[in-house]
Each structure stands twice: as C-alpha cells, then as structure tokens.
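Observations on the model geometry
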Amino acid sequence: MRILCVAEKPSAAKQIASILSQSNYQVRQSPNKYVKNYTFDYTLNQRTVSMTMTALLGHLLDLDFGPECKSWQTTRPEDLFQAQVHNSVLGNLEDVAINIRELARNADVLFIWTDCDREGEAIGAEVEEICRQVNTRMQVWRARFSAMQPQPIHHAANNHDQLDRRQVQAVKTRQELDLRIGAAFTRFQTLQLRCYFNNTLTTSGPVISYGSCQFPTLGFVVDRYMAIKNFVSEEFWKIDMEYQSERMENNNGNSGPAVKFNWKRGHLFDYWSSFVLYEKCYQNPMASVIRVQKKRVTKRKPLPLTTVEMQKTATRMLGMTGTRIMEVAESLYRSGLISYPRTETDQFDKNFNFMPLIQMQANDRAWGQYAQLIRDGEFERPRNGGHDDKAHPPIHPTGYDQNIYGDERKVYEFIVRRYLGCCYKDAVGYETVVEAQIAGEKFDVKGLIIIERNYLDVYTYDKWNAHTIPDFEEGQQFMPSSLLLNSGKTEPPKLLTESDLISLMEKNEIGTDATIADHINKILERNYAYKTGNYFNPSTLGIALVLGYDEIGFNSSLSKPFLRREMEADLKQICEGNKDPQLVLRQSIESYSHMFERTIDGFGKIRYSMETYFDYGEYLENAARNRNNNYTSNNNNNWDNESSSSTTRTRGRGRGNNTTSRGRGSRGGGARQNTSSGRGRGARGGSTTTANTSRGRGRGRGRGRGGLTNNTVAPNCNCDIPSAEFTTTQGPNRGRKFRKCGYANSNDHDTCGFWMWSDT
DNA sequence: GCAAGGTC
C-alpha cells in the first residue's frame, strides 16, 4: 500500500517523517525549492506500508472572481455580491501543486497531516481537491494529533480520521464573504473618492481598501483619537496626608522619606463636600492606626509564550513593530534557534523535556547563571495557560548561538528569558497594609518588601517595585507631617500603542495570531494612520472614512468590530453543526448587499466627512512618512511618488484660499469643532460643498456628457443624471465641480459614480 | 489594483 502524507509546511513534514521513520528516510527535492519529499516504510497496524511525506506552504488554493469581473470600470461593485467565484492554485504555488499531483497519481491513500485547526482542515480539503484531479480512487485519511511528539504522532498514524467537512465549510464561507465584501467596498469607495487624489481621473490613484479586519483596526485608532479630542477635563479634590517617621531616621539623624497615605475615598468632584471633610480632619488631625495587615504575597511568573503575547510584550519592551518582530522570529525559526513562532498555545505538553533546553543556555554571559540555578534545583514546571491550538507548542528556544546581533539578538533574548522565567519560581514578597483614620476619614498605605526575586532576575521585562514603610502598630497614634486639600484634573486617555491595539484586536477577535500584525501594517500602508513614536494617529483620511461610515447609521457600523465578531460566531456555529453554511452565506451576503445599497445611498455622508476632515497636504506628508518607514508595499507606492511632486504647489495654494477656517494640517480641524458634541455635524469650516446626497437615483435624462472634461475613464458613458453636484474643497481638484453618473458601458445608470464636471 | 488566511 502506498500512502501519500501531506503536511502544512516543510518543517512539519520533516518532523513527522523523522518521528514515523525514526529518522530513517530518503529525501528528494521537489520542484519547489522549499519543499522536500521524504520516503520511508512504516508499520501501520502490523502491516508494512510505503509512505511519502511532502509539504505545502500554507493554503494552496485561492478564491477569486473570473476575468469578466476584472475591470473596475465595467463591473458594478454591487454585482460582486452575486458574481461567480472559483478556486485556483495560488499564484506562485503551481510547482507545489505539480509535486502533489505527481505523487498522488500512484497513491492508494492520501493522508492529511495539516495543522489541527480550522484553516488546517480547509487546507486539507484543498489538497484533496488537487489530488482528485489525477486520482479518483484513492482514500482520504485525516491525521489528528495534539503535539509533534512521537506518542501522539504514532497514535494519529494508526487511528486515522475523516476531514471535518463542517470546518472546511466554515472556512469556505469566510473566504467567500471576505472576498465579496472586501472587493465590493474597496472598488466602490476607491472610485468614489479618487477625485480627492488625482486630477486627471485616469485609472491611477491610491486604493482606498475596505476589509472586515483592517477597518475595525482603523476604527480602534480613530475611536481613541476622538475620545481624546472630545475629552472634557474635570477638576477634582482629594485629601493628601503624609507622615514622617522618627524611626525612619537615617544615619545622619535626618528623617527618612515621608510616607504618603491614600485617601480611601480617592477623589471627589464636588469641592464643598471635599472641603467639609477636610475641615473635619484639619480641626482634629491626630491619626490613629486602625488596622495593620501583614501577609506573604507572590508575583506570578509569566505564562508560556504565545504569538500574540510576544507581539504585545515585545513591541512594548523592545521598541520594534509587530511586523518586524514576526519577521525576526521567522528567521530565528528557520535558523533552528526557536520553535514555530505562530502559536496560540500557552501550556507545554505534559511530556515536554525542559532540561536540555535549559542546559543549552547555561554558558551564556548574560543569562547563563540563571539557567544554571534553574538546572541545579530551582526548576519549577511552567504554569499552564488556558489555550491549546493542538498544533504548536508555546514559543521557546530550541538552539543556542551567541553570534547573533541586532534585532535578532533582542528577540532571541526575549524568548530565552521568557522561557527561563517560566521554568523558575514565582517572586515572593511581604506586604503590609496600614489603615489609619482621622476624624472618621480613612487613609491607607501599602508597603512591600521583596523576599525572593526568583523569576524577576531573569525575566527582566517584569517589574515589581519594593516600597518600604515604617512599622506601625494597631492603636498607635501619630500626627501627620502634612495634611492638605489638593486639587487635580482628570486627564484624557493616551493614543493607542501597538501593544494596546493588539490587545483590542485580540479581545474583539479581529484577525488571528498570524495576521494581526498584517492588519496593523495595512492601515499604515493605506495611509489611514501613521505613527508618532510608539503611538498610532489616524490620518485625516482615516478619520474621514470612519466618521463617514459611522454617520450612515448602520446598526453596527462597518468601522466597528461587531460585524466581524458576528461572522466569527456564525463560523463557530457552522463548525458545531448548529448552522447551515449555505444559509449563513446567503443571509450574510443579503445583509452586506443591503449595507452596500445603503452606503451608495448615503455616500453623500462619507463625501461630506471627507470635505470636513480630509486634508490633502497632510495625506501626502503621511504617505511620505509611511513610505520612509517601509509601511508602503512596493506595488503601491508608484502613484504616491508621482503625485508628491505636485504636493507643495497644491498645499501652498490651499492654505490661503478656501480652507482658511480649517487651518493648515488640520488633522483635528474638523474634529476639534465637534469637541463637545462628539462626532457628527460640526461646522464645516471652509467647505463649499453643496453635498447633495444621491437621492433621485435613476431619474432625469438629458445629455450631460457634453460638459465632461478629462473623461478618460468612461468614454462611452451616456449618463446624464442631473441629481447631484458638488464642488470639492480638497486635493488637486479643489474648486472643481463634480457630478453624478453611472458606470461606463453600462445601460443601468441606477448607480452613483462621480466623474469630473467642467471646471470652466 | 480589491479581502483574509495560510507560509517562505
């Protein structure tokens, strides 16, 4: 019997082949440079079989529209909700497919060893599809394994299962929805808003993409920015009490630092209430200690490292972007220095052998001493977190090389210290809580002495600050050294850091461990946002888009995470057999088509938002900045480069002209005007928009085309709907009038598109 | 030229 085994990636193929064959295999290069084919004999249920193990490079197939939908000009975006879609081999993976087909021709069984998660199941179905093209009689088996360890792998080999069709259907549903929704909205808003970027109305210009992950990601950034803009600071009052102990005198006879007590009420926003309470204390200021509580406390060591946790912590501690961290981790993994870097698992397998990996670090100059301590008796098994993706262990070092430098060194060191920290003991401290009372008002202070630092010594990214206070006894009385009624002001939140953004995405199930960094990168690449230091600012384009969509008044705005969460919940229902995938698909398409219709109808609101918030000069500045930071993809920066030559001219003109009331670079220009009322209808500043909405679709006739100039996009368009006109105040077409028309070569003009109107 | 999901 000949069995063709297929793993999701070359490293997994090699590991599984090594385990099954006990490293006794023959290896041959496939047509793809990353993929190797391993052949060996295996005893399967007391029978010797011939196995070939090969690999994929992730997904093999991609869903797309046919060539009839290729043109953005002749295909109406709304038709993409119904258009035919089909699967084809991903662009550069034809050689992988050729290899698989070749091997499948003579196989009796296709044995699928892809990762045991939802995507892995779908990838398995893709392999099956490819193999069926050349071999219709083979059986298809699915391997179910919980870890890349001999026992689970042999168990999976001898107890094969079937592909889980529900999971496959769930993934297919997601793919189709993401494609249809993404393409329809992207094409539509790109064509609608292109007039803000380009004055020739040719087909070039930036892509203003929409995606069910990238938009909510942008939404988080804009929401935080608006929360800051709309923040109203409030004054509050609090009683500050300090005590300077004689017992804390130092050697010079001076008293030690004062102990600051916290008022148990925190702070009050009412001055007179605070004043009355303060007066009571002031009249009778002797404090009595009413409670002294001493207890042993621990600071728990970290959990084993997952991808998302690595990105959250390392972006904060190492000053690198999530994308860069993943790039570096990928390279460390390929060098054999760390385990697979994309994992959700935060618990080690019960048979995991920790000691050799600890020993491996024992001679390092920086952290070797801690590895030695752990090896020589301080070891304690890592904690178990609550996640297990059943495919990969937590990220941990697998090799040692002292000759790595720069970012690789930083990320490797982080992973090693995390691993050693996990294998060490919790830190132990001694906490004292003292509660005192003055005239009925309660105050408290906490002291902390660290007794054993343990893991904190090696995992230097965690801090635990000791705070010494003098000894107090219950019943003791003391006179405060200072008792003041102080005022303060509430402060706005800070802009989001990458770490904050990753946490929000994780919490709202936006993206996966492998894609979160991509989505963040995408909003920079599209110039929807830019970074200042570690903080994410929305660009005026990002603000305009998000607030514009929010204005349309959907139950759940397209810029919010709820739609994606709903989709995720539906997919889980499909996997559990509670929902029919066809039904989910039909209902979702219907619902998104409806939202698309409303977006067309309400697009005036998005354009209005562009007129209010968008600043072309600022856009070009951010584009240049993001390009310098390498956030712009290579195939996308030609247009930005070309257009930047006209930047200065355009900006210079605009400043003194019809944009005077918004101020220059007015990222906050429009937003600021809305400070007290939240988003929405603030004054429009210098906008001269007539901002008609697209009411009256499909009505009216008459030859409007005569007035069109520069109409290089729609030469055959006979559209003549006179219902809406507006004059833009932004970008290279400032002062020009636009009017509504349909799509070229289409007889159905019941769709709004804006082409340039005469500007003479 | 669109999405998000794998992986190199």
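Quick caveat, the model's predicted, so the values are computed rather than measured.

1. Considerations on the side chain of glutamate 441
Tracing the backbone shows glutamate 441 in strand E13 (residues 441-452). Residue glutamate 441 is classed as buried on the basis of its relative accessible area of 3%. Here tryptophan 263 takes part through its side chain, which lies 2.9 Å from a polar atom of the side chain of glutamate 441. Look past the residues within four positions of glutamate 441 in its chain and what remains in contact with it is Trp263, Arg265, Leu277, Lys280, Cys281 and Ala436.

2. Topic: the sheet that holds strand E18 (residues 535-538)
Whenever strands of a sheet pair, they do so through backbone hydrogen bonds, lying parallel or antiparallel. Reading across the sheet, the three strands line up as E16-E18-E17 and stay open at both edges, with antiparallel pairing between neighbours. Unpaired on one side and paired on the other, strand E16 (496-497) and strand E17 (529-532) mark the two borders of the sheet.

3. Comments concerning the UniProt feature "domain: Toprim" (unreviewed entry) in chain A
Within this structure's numbering, the places UniProt gives as "domain: Toprim" (unreviewed entry) are residues 2-146. Along residues 2-146 the backbone is 26% helical and 32% strand, and the end-to-end C-alpha distance reaches 25 Å.

4. Topic: the sheet that holds strand E8 (residues 139-142)
If you walk across this open sheet you meet the six strands as E2-E3-E4-E1-E7-E8, and the pairing is mixed. Bordering the open sheet on either side are strand E2 (26-29) and E8, each of which pairs with just one other strand. For this sheet, the mean inter-axis angle between neighbouring strands, taken without regard to orientation, is 25 degrees. Inspection of the sheet shows strand E3 (residues 36-44) paired to strand E4 (residues 47-55) by seven bridges, in the antiparallel sense. Opposite phenylalanine 40, over in E4, you have methionine 51 as the bridge partner. Each of E3 and strand E7 (109-113) is contacted by helix H4 (residues 150-158), which is oriented at about 75 degrees to E3, the strand it contacts most.

About the thresholds
Every chain is numbered on its own, with residues counted from 1 as its sequence reads. All chains are assigned letters beginning with A, and all ligands numbers beginning with 1, in the order in which they are written. Predicted model: local features are reported for residues with pLDDT of at least 70 only, side-chain atom pairs are reported and counted for 80 or more only, and whole-chain, interface and lining totals are derived from all residues. Only hydrogens and water are removed before side-chain values are computed, so all heavy atoms of the structure are retained for them. Secondary structure elements follow DSSP: runs of H or I of four or more residues count as helices, runs of E of two or more count as strands, with numbering from the N terminus. Summary of the burial criterion: residues with accessible area below 20% of their type's maximum are buried, those above 50% are exposed, and those between are partly exposed, where the area comes from a 1.4 Å probe applied to protein chains only. The definition of a polar contact used here is a pair of N or O atoms within 3.5 Å, where within protein one atom must be able to donate a hydrogen and the other to accept one, and adjacent residues in sequence count solely through side-chain atom pairs. Any two residues having at least one pair of non-hydrogen atoms within 4.5 Å are treated as being in contact. The pairing criterion is simple: DSSP has to find at least two bridges between the two strands. UniProt positions are given in the numbering used here, feature names are shortened, and annotations may be inferred rather than shown by experiment. In this description, a line fitted to the C-alpha atoms serves as the axis of each element, helices being fitted only across the stretch in contact, and the angle between N-to-C directions of two axes falls anywhere from 0 to 180 degrees.

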